[in-house]
Amino acid sequence: MPQVPTLGFRAEMPDLDMTDLYAFAKPGDPSKSIIIFNVHPSFRLDSPEPTTTEPFAPGALYEIKIDTNGDAVADLSCSVQFAASEDGQQTATVRRLQGKHAAGVGDDGEVLVQQAPVSVGKDALVTQVGGFRFFFGWRSDPFFFDVNGNFNHMQFTGDDFFKDKNVCSIVIELPNSEPGLTRSAFGARTMDKTADSWIQADRGGRPLQAVFLPGEKREEYLSGEPANDDRFIRRVCPRAGTFGRLFDRGSQERREYVCT
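Everything quoted here is computed from the prediction, not taken from an experiment.

Engineer: Got a minute to help me understand the overall build of the protein in this structure?
Structural biologist: Helices and strands together make up the secondary structure of the protein, namely three helices and 13 strands. Relative to its full complement of 260 residues, the protein shows a buried share of 45%. Sequence-distant contacts in the protein: of pairs separated by 6 or more residues, those separated by 24 or more amount to 52%.

Engineer: Hey, could you run me through the environment of Gly204 in this one?
Structural biologist: Structurally, the position occupied by Gly204 is in strand S11 (residues 198-204). A relative accessible area of 11% means that Gly204 is categorised as buried. Considering only alpha carbons, one finds Gly204 and Ile64, 140 residues apart in sequence, at a separation of 10.0 Å.

Engineer: I would appreciate a short explanation of empty space enclosed by the protein in the present structure.
Structural biologist: Empty space left among the atoms is revealed by rolling a probe the size of a water molecule over them. Tallied over the entire structure, the rule returns two cavities of 30 Å³ or more. Considered as a void within the structure, the second largest cavity measures approximately 40 Å³ in volume. Taken together, Pro41, Ser42, Phe43, Asp141, Phe161, Phe162, Lys165 and Asn166 make up the lining of the second largest cavity. Residue composition of the lining of the second largest cavity, grouped by class: four nonpolar, two polar and two charged.

Engineer: Got a minute to help me understand the packing of aromatic side chains in this structure?
Structural biologist: Given two aromatic rings, their pairing is described by the distance between the two centres and the angle made by the two planes. One pass over the full model with this rule turns up ten aromatic pairs. Centroid distance Phe161 to Phe162: 5.2 Å. Interplanar angle 85°. Geometry classified as edge-to-face. For Phe162, a relative accessible area of 12% corresponds to the buried category. Members of the aromatic cluster, joined through ring pairs, are Phe56, Tyr62, Phe82, Phe132, Phe134 and Phe136. In this arrangement the basic side chain of Lys165 is found over the ring face of Phe43, its NZ or CZ atom lying 5.7 Å from the centre. One residue, Lys165, lies across the ring of Phe161, its end atom 4.3 Å from the ring centre.

Engineer: For this particular structure, what's the right way to read the nonpolar core?
Structural biologist: Soluble, globular proteins show a tendency: their nonpolar side chains are buried together. Core analysis: the biggest nonpolar cluster contains 33 residues, and Phe56, Tyr62, Phe82, Phe136 and Ile170 have the highest contact counts within it. Every element with two or more residues in this core is listed here: strand S2 (32-39), strand S3 (61-67), strand S4 (76-82), strand S5 (91-98), strand S6 (110-117), strand S8 (132-140) and strand S9 (166-175). What Phe56 contacts, discounting residues up to four positions off in sequence, is Asp15, Val39, Tyr62, Phe82, Gln90, Val118, Phe136, Gly137, Cys168, Ser169 and Ile170.

Engineer: Please clarify how a nonpolar patch on the surface should be interpreted in this entry.
Structural biologist: There is a patch of nonpolar side chains on the surface, built from Phe143, Phe145, Met154 and Phe156 and spanning about 360 Å² of accessible area. Structurally, Phe156 can be placed in the loop between helix H1 (147-150) and S9.

Engineer: Could you clarify how one ought to interpret the sheet that holds S4 in this entry?
Structural biologist: In a beta sheet, neighbouring strands pair by backbone hydrogen bonds and run either parallel or antiparallel. One open sheet holds the six strands; their spatial order is S6-S5-S4-S3-S10-S11, and the pairing between them is antiparallel. Two strands in the sheet have a free side with no partner beyond their single neighbour: S6 and S11. Adjacent strand axes in the sheet meet at a mean angle of 20° when their direction is disregarded. As defined by bridge partners, S5 adjoins S6 across five bridges and the pair is classed as antiparallel. Its bridge partner being in S6, Arg96 is matched across the sheet by Glu110.

Reading the values: rules and limits
Starting from 1, residues in each chain are numbered consecutively following that chain's sequence as written. Local features in a predicted model are, by the rule used here, given only for residues with pLDDT of at least 70; side-chain atom pairs are given and counted only at 80 or more, and totals for whole chains, interfaces and linings are based on all residues. Think of the side-chain values as coming from all heavy atoms in the structure, minus any hydrogens and water. Numbering of helices and strands starts at the N terminus; helices are DSSP runs of H or I of at least 4 residues and strands are runs of E of at least 2. Here's how the labels work: a residue is buried when its accessible area is under 20% of the maximum for its type, exposed when over 50%, partly exposed in between, all with a 1.4 Å probe on protein chains only. The contact rule is simple, with two residues in contact once any of their heavy atoms fall within 4.5 Å. Buriedness for pockets is judged along seven lines, at least five of which must meet protein on both sides within 12 Å for an open set on the 1 Å grid over protein atoms alone, while cavities are sets there where a 1.4 Å probe fits but cannot get out, and lining residues have an atom within 4 Å of a point. Grid points are joined across faces, edges and corners, and a volume is the space filled by probe spheres set on the points. Residues were grouped as follows: Ala, Val, Leu, Ile, Met, Phe, Trp, Tyr, Cys and Pro as nonpolar; Asp, Glu, Lys and Arg as charged; and all remaining residues, including Gly, as polar. Here the aromatic set is Phe, Tyr and Trp, taking the six-membered ring for Trp, and pairing holds for ring centres within 6.5 Å; pairs whose planes are under 30 degrees apart are stacked, those over 60 apart are edge-to-face, and all others are tilted. In this analysis the charged atom, NZ for Lys or CZ for Arg, is taken to sit over a ring once it is within 6 Å of the ring centre and within 35 degrees of the ring normal. Definition used in this section: a nonpolar core is a set of buried Ala, Val, Leu, Ile, Met, Phe, Trp, Tyr and Cys residues joined via side-chain atoms within 4.5 Å. Like charges within 9 Å and nonpolar side chains (Val, Leu, Ile, Met, Phe, Trp, Tyr) within 5 Å are joined into patches, using only residues over 30% in relative accessible area that form no salt bridge. Using a 1.4 Å probe, the Shrake-Rupley method yields the accessible areas, and only the shown protein chains count as cover for residues. The term salt bridge refers to a side-chain nitrogen of Lys or Arg lying within 4 Å of a carboxyl oxygen of Asp or Glu. A strand pair is defined by DSSP finding two or more bridges across the two strands. Whenever a helix is involved, its axis is fitted only over the stretch in contact; in every case the axis is a line through C-alpha atoms, and angles between N-to-C directions fall within 0 to 180 degrees.

Rendered as C-alpha cells:
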C-alpha cells in the first residue's frame, strides 16, 4: 500500500480541522434550509491514529459565513462557541451577526441559543428555538473517497477510506426568510483564541481547501479572506487534479485551467 502523504491537517488541533460544508433545501419543506459544517475527523489521513475524543475545542469559534450579494464578503454569519466539557458533556452557544459585522469575528452578536447539548452518542440531541433547529456532535462522515488510490497514481480499488470514520457536525436548520438566504454563497472557518487575538485556524470556500496548498501558501491562504482567493487557483488546481475556473472581473471573461 502506498504511503499517504501528510496533507497539512493540523494534527496539534484536530478539533479545529474543517472537513466539509453543505447547504441545501430541507427535504419536504422548501421554506427552510439546512447548513452542515463538519469538523474534527476521527482519524488522520496520514496515520491510523485516532484524534481527540472531545468533540469541539472549548472557547474556539466555528463560523458559517454567508455572502448574499456576490462580493465574497459575508453579510450574514452564524458563530458557534462551545464550553469546556463537564462530565463528558459539552454545550454550545450560537450567535447571529448581520450586515458589516458579519465579516468580522463572531464572538458577539445576537444569541440564538445557549447551552444547547452536544451529542456524543448515537442519539441525536436536537435543540429547537423559534424557527431554528440545531444539532452538534459526532456523526458518521458522509464523505466517501478512495484516498489510497488517489495517491497511488489514481489506481483506484473502490475502497472507501471514510466508511468507518466519524466527524463532528454542526447542523443548523433555518427559515429562508433570513435576509438574502435564497441567493447566497457559503463559506466556513474555525477561529483559535490566543492571548490577545483570534487566529484563523482553518477555512473553506474557494478554492477547495487549505490541505491542497503547500507550506507558506497554506499559511497565507488560512490568514486570508474569500474575496482574495483568486490568486490561489493556479496553485491549488494542479495539486487537486481537477478543473479550476477563475472569473476575471476586469475583462468579464471566465478562463478555465485544465489540470493534469
